[in-house]
Amino acid sequence: MAPLRTFACFMMVKATMTERLFNLVVPLAHEATAMRTADTAGSSRGRSGAVSPLIGDSLRRGDVDSTNGRSSPPTPGSPGIRTSTTATRTTTTRASRAAPAPSADQYGCHQPADFSFVALVEAYFDCRRNKRNSDAALAFEQRLEFNLYRLYRELADGTYRPGRSICFVVIRPKPREVWAADFRDRIVHHLLYNRIAPRFHAAFVADSCACIPGRGTLYAARRLESKVRSATQNWSRPVWYLKLDLANFFVSIDKRILREQLAARVTEPWWMRLAETILFHDPRVGVELRGSPARLGLVPEHKRLARQPSHLGLPIGNLSSQFFANVHLDALDQFIKHRVGARHYVRYVDDFVLLHPSPQWLNDAKARIEAFLADRLHQRINPAKTILQPVERGIDFVGHVLKPWHRATRRRTEGEARRRVAVTPEEDFLAVANSYFGLLRQAQHSHHSRARLANVVRRRGRCVKGDLTKTYPRGLMLDRGVGGVAPAPALGNSK
């Protein structure tokens with residue numbers, strides 16, 4: 001493969017039907033330039049610290065990566081867990097078994113790289129979106145051309161190995177582990193996703209949601225509402241619903257089964273080998289724990305990835321894990337739609353709902369689904385979250401509560417929105433408040449919910465748009481007739 005030469009500021013990628021413009025030299029979203037590195041001593045022209053150097057400028061393979069301080073791929077160390085807090089850093093070691101990944105020799109050790117540098121740049125932009133000012137993105141961008149080219153060479157010559165992951169614990173809505181891969185590894189996740197995801201998406205049923213373009217929580221809520229209206233003939237006939245949830249889904253996924261599901265559609269040897277590298281990587285080895293180690297005690301043992309065998313479990317938080325989860329459960333979708341014969345069915349990750357006029361039919365379907373999950377996917381239903389009742393009582397799904405002619409936001413979500421907005425620091429207030437306004441307005445009947453949130457916003461001295469859909473920065477006071485901004489007095493009920 002020819003060595004990389006100097007790149008221009010703009011790269012125009014021409015495909016068969018589309019064109020995409022890449023601008024690798026763009027200013028930061030803020031004015032903080034102290035985090036940029038100075039130009040090399042031999043540079044003959046000045047360069048602003050707020051932009052990245054040109055791709056290929058002063059590119060040398062002997063340079064030392066500014067991010068990790070080394071010029072060769074890392075040598076895997078001994079298994080261990082690195083715990084990082086604000087005051088102390090402790091290191092503990094534990095035994096870890098290697099994941100049963102198939103050998104790379106299965107597809108040949110020297111398969112040619114089946115991707116271009118332009119595809120890697122596209123994956124970088126996808127990974128950076130909405131995370132431009134994160135520490136990891138800034139560190140990678142300090143020497144963007146070198147880091148991208150080095151990652152390209154590692155992928156091309158087969159020496160790429162995933163780096164260290166970061167683990168932290170969130171406690172809302174319930175305690176769970178969240179894993180964040182290194183920034184360069186997330187670029188590789190996007191590279192794989194961009195290449196193989198479209199072929200899987202084309203085969204997914206229309207009732208499968210989450211991590212599919214255009215199929216988020218709002219799509220899932222509207223899809224279920226459409227199914228209910230169809231099954232009940234606009235709420236004129238009695239219908240029952242069965243809501244099921246998979247127990248400990250992400251930490252119980254069998255990677256060996258998932259690998260066979262991927263191999264059924266990924267026929268290119270190089271891409272299949274990359275998928276295996278990501279799938280069978282154990283993020284627990286050398287993991288860095290962020291935050292207080294005591295918070296790990298809040299996560300139940302059976303929900304912790306560290307307590308699972310090496311062939312089980314995917315880390316929650318990575319794009320690859322979300323995509324792999326959809327690939328894994330596509331077999332369930334196909335079984336329910338084509339073998340069980342459920343006309344009215346919607347799934348969002350591991351939560352799914354079936355509708356039918358007969359509760360006996362739904363009980364029989366549940367028994368068949370449990371048998372299929374145990375035999376084919378090695379999964380099981382969570383009996384504590386199994387619900388079978390008439391739809392008139394309401395269906396709680398993806399944060400929405402669906403009742404006859406009424407779809408509202410879940411009360412717990414609304415209460416969390418008011419609580420967060422009331423205590424959010426001033427520097428983050430605008431983003432947090434407007435994000436909750438956007439979340440609440442997804443429900444059809446959300447005026448009262450948004451009015452209660454608006455009262456909390458205005459008690460903090462902010463103005464709110466007249467239709468209760470957004471707030472404004474402090475000091476922006478417009479007349480109602482000019483800007484449609486509601487004045488300071490509170491709306492009705494402030495509970």
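Scroll up to find the structure.
Residues numbered from 1 in each chain as written. Predicted model: local features only at pLDDT ≥ 70, side-chain atom pairs only at ≥ 80, totals over all residues. Heavy atoms only, no water.

**As for the overall build of the protein chain**
When its secondary structure is counted, the protein chain shows 13 helices and 17 strands. Per-residue burial over the protein chain gives 45% buried out of 495 residues. Sequence-distant contacts, at least 24 apart, represent 71% of the contacts inside the protein chain between residues at least 6 apart. Accessible surface computed for the protein chain: about 24,700 Å², of which carbon and sulfur atoms make up 53%. (Helix = DSSP H or I, 4+ residues; strand = E, 2+ residues; numbered from the N terminus. Buried < 20%, exposed > 50% of the residue type's maximum accessible area, 1.4 Å probe, protein only. Contact = heavy atoms within 4.5 Å. Areas by Shrake-Rupley, 256 points an atom, 1.4 Å probe, with all protein chains shown as cover.)

**A closer look at the packing of helix α1 (residues 117-128) against helix α4 (residues 183-201)**
Each pair of packed helices gets described by two things: the angle between the helix axes and the distance between those axes. Running from N to C, α1 and α4 cross one another at 115 degrees; their axes reach a closest spacing of 8 Å. Considering the angle they form, α1 stands roughly perpendicular to α4. Of the two elements, α1 crosses α4, and the hand of that crossing is right-handed. Listed contacts from α4 to Ala-119, Leu-120, Glu-122, Ala-123, Tyr-124, Asp-126, Cys-127 and Arg-128 of α1 are Phe-183, Arg-186, Ile-187, His-190, Leu-191 and Asn-194. Among the residues forming the contact of α1 with α4, the class breakdown is 8 nonpolar, 2 polar and 4 charged. (Axes fitted to C-alpha atoms, helices over the stretch in contact; angles between N-to-C directions. Parallel < 35°, antiparallel > 145°, perpendicular 65-115°, else oblique. Left-handed = near helix turned anticlockwise from the far one by under 90°. Nonpolar A, V, L, I, M, F, W, Y, C, P; charged D, E, K, R; others polar.)

**Description of the pattern of salt bridges**
Within this structure, the stated rule accounts for 30 salt bridges. One salt-bridge network, held together by shared partners, links Asp-114, Arg-195, Arg-199 and Glu-268. (Salt bridge = Lys/Arg side-chain N within 4 Å of Asp/Glu carboxyl O.)

**Digging into the sheet that holds strand β14 (residues 400-403)**
Reading across the sheet, the 3 strands line up as β13-β14-β15 and stay open at both edges, with antiparallel pairing between neighbours. Among the strands making up the open sheet, the edge pair consists of β13 (395-397) and β15 (406-409). Averaged over all pairs of adjacent strands, the angle between strand axes in this sheet comes to 25 degrees, irrespective of strand direction. The pairing of β14 with β15 spans 4 bridges and is antiparallel. Considered in β15, the bridge of Lys-403 is made with His-406. (Pairing = 2+ DSSP bridges.)

**Comments concerning unusual backbone geometry**
Apart from glycine, the bulk of residues carry a negative phi angle, and the bulk of peptide bonds sit in the trans form. Its identity is not glycine, yet Gln-233 carries a phi of approximately 55 degrees, on the positive side. Of note, Gln-233 is situated in the loop between α5 (217-232) and β8 (240-245). You will see that Asn-248, though not glycine, has its phi angle at about 50 degrees, which is positive. With respect to the element layout, Asn-248 can be found in the loop between β8 and α6 (255-263). A relative accessible area of 18% means that Asn-248 is categorised as buried.

**Digging into the pairing of strand β10 (residues 344-348)**
β10 sits mainly inside the fold: 4 of its 5 residues count as buried. Bridge count between strand β7 (residues 208-209) and β10: 2 bridges; the pairing is parallel. Residue pairing across strands places Cys-209 opposite Tyr-348, the latter belonging to β10. Taken together, the 5 bridges between β10 and strand β11 (residues 351-356) define a ladder with antiparallel strand orientation. Bridging from a neighbouring strand, Tyr-345 pairs with Leu-354 of β11.

**So, the side chain of Asn-326**
With respect to the helices and strands, the residue Asn-326 is situated in helix α8 (residues 319-340). Taking the relative accessible area as the measure of exposure, Asn-326 reaches 3% and is therefore buried. A polar contact of 3.5 Å, which involves the side chain of Asn-326, links it to the side chain of Arg-347. Residue contacts for Asn-326: discarding those within four places in its chain leaves Phe-204, Ser-208, Cys-209, Ala-210, Cys-211, Ile-212 and Arg-347. (Polar contact = N/O pair within 3.5 Å; in protein donor to acceptor, adjacent residues only side chain to side chain.)

**Let's talk about the packing of aromatic side chains**
What the rule picks out here adds up to 15 aromatic pairs. A centroid spacing of 6.2 Å and a plane angle of 65 degrees characterise the contact between Tyr-345 and Phe-352, whose relative ring orientation is edge-to-face. For Tyr-345, a relative accessible area of 1% gives the class buried. Grouped by ring-pair contacts, the aromatic residues Phe-115, Phe-117, Tyr-149, Tyr-152, Trp-270 and Trp-271 constitute a single cluster. One residue, Arg-143, lies across the ring of Phe-146, its end atom 4.9 Å from the ring centre. (Phe/Tyr/Trp six-rings, centres within 6.5 Å; stacked < 30°, edge-to-face > 60°. Lys NZ or Arg CZ within 6 Å of the ring centre and 35° of its normal.)

**Description of the environment of Arg-419**
For Arg-419, the position within the fold is in helix α10 (residues 411-423). Exposure remark for Arg-419: the relative accessible area of 32% places this residue in the partly exposed category. In this structure, the C-alpha to C-alpha distance between Arg-419 and Val-456, residues 37 residues apart in sequence, is 8.9 Å.

**A look at the packing of helix α11 (residues 426-440) against helix α12 (residues 447-459)**
With their axes 10 Å apart at the nearest point, α11 and α12 run at an angle of 170 degrees to one another. With respect to their mutual orientation, α11 and α12 come out roughly antiparallel. On the side of α11, the interface is formed by Phe-429, Ala-433, Tyr-436, Phe-437 and Leu-440, while α12 contributes Ser-449, Arg-450, Leu-453, Ala-454 and Val-457. When its residues are assigned to classes, the contact of α11 with α12 shows 8 nonpolar, 1 polar and 1 charged.

**Comments concerning α10**
If you check α10, its first and last C-alpha atoms are 19 Å apart, about what 13 residues at 1.5 Å a residue would give, namely 18 Å. Taken together, the buried residues of α10 touch β15, α11 and α12. (Expected span 1.5 Å × (residues − 1).)

**Brief notes about the pairing of strand β6 (residues 176-180)**
Strand direction decides the pairing type here: strand β5 (residues 166-170) and β6, joined by 5 bridges, are antiparallel. Note that in β6 the partner of Val-170 across the bridge is Arg-176. In this structure, the hairpin formed by β5 and β6 is closed by a connection of 5 residues.

**Some words on the environment of Val-346**
Relative to the helices and strands, Val-346 resides in strand β10. The class of Val-346 is buried, set by a relative accessible area of 0%. Residues Val-346 and Asp-207, spaced 139 residues apart in sequence, show a C-alpha to C-alpha distance of 4.8 Å. For Val-346, the residues in contact, after removing those within four places along its chain, are Asp-207, Cys-209, Ala-220, Arg-223, Leu-224, Lys-227, Asp-351, Phe-352, Val-353 and Phe-397.

No statement about biological role is implied by the geometric values presented.
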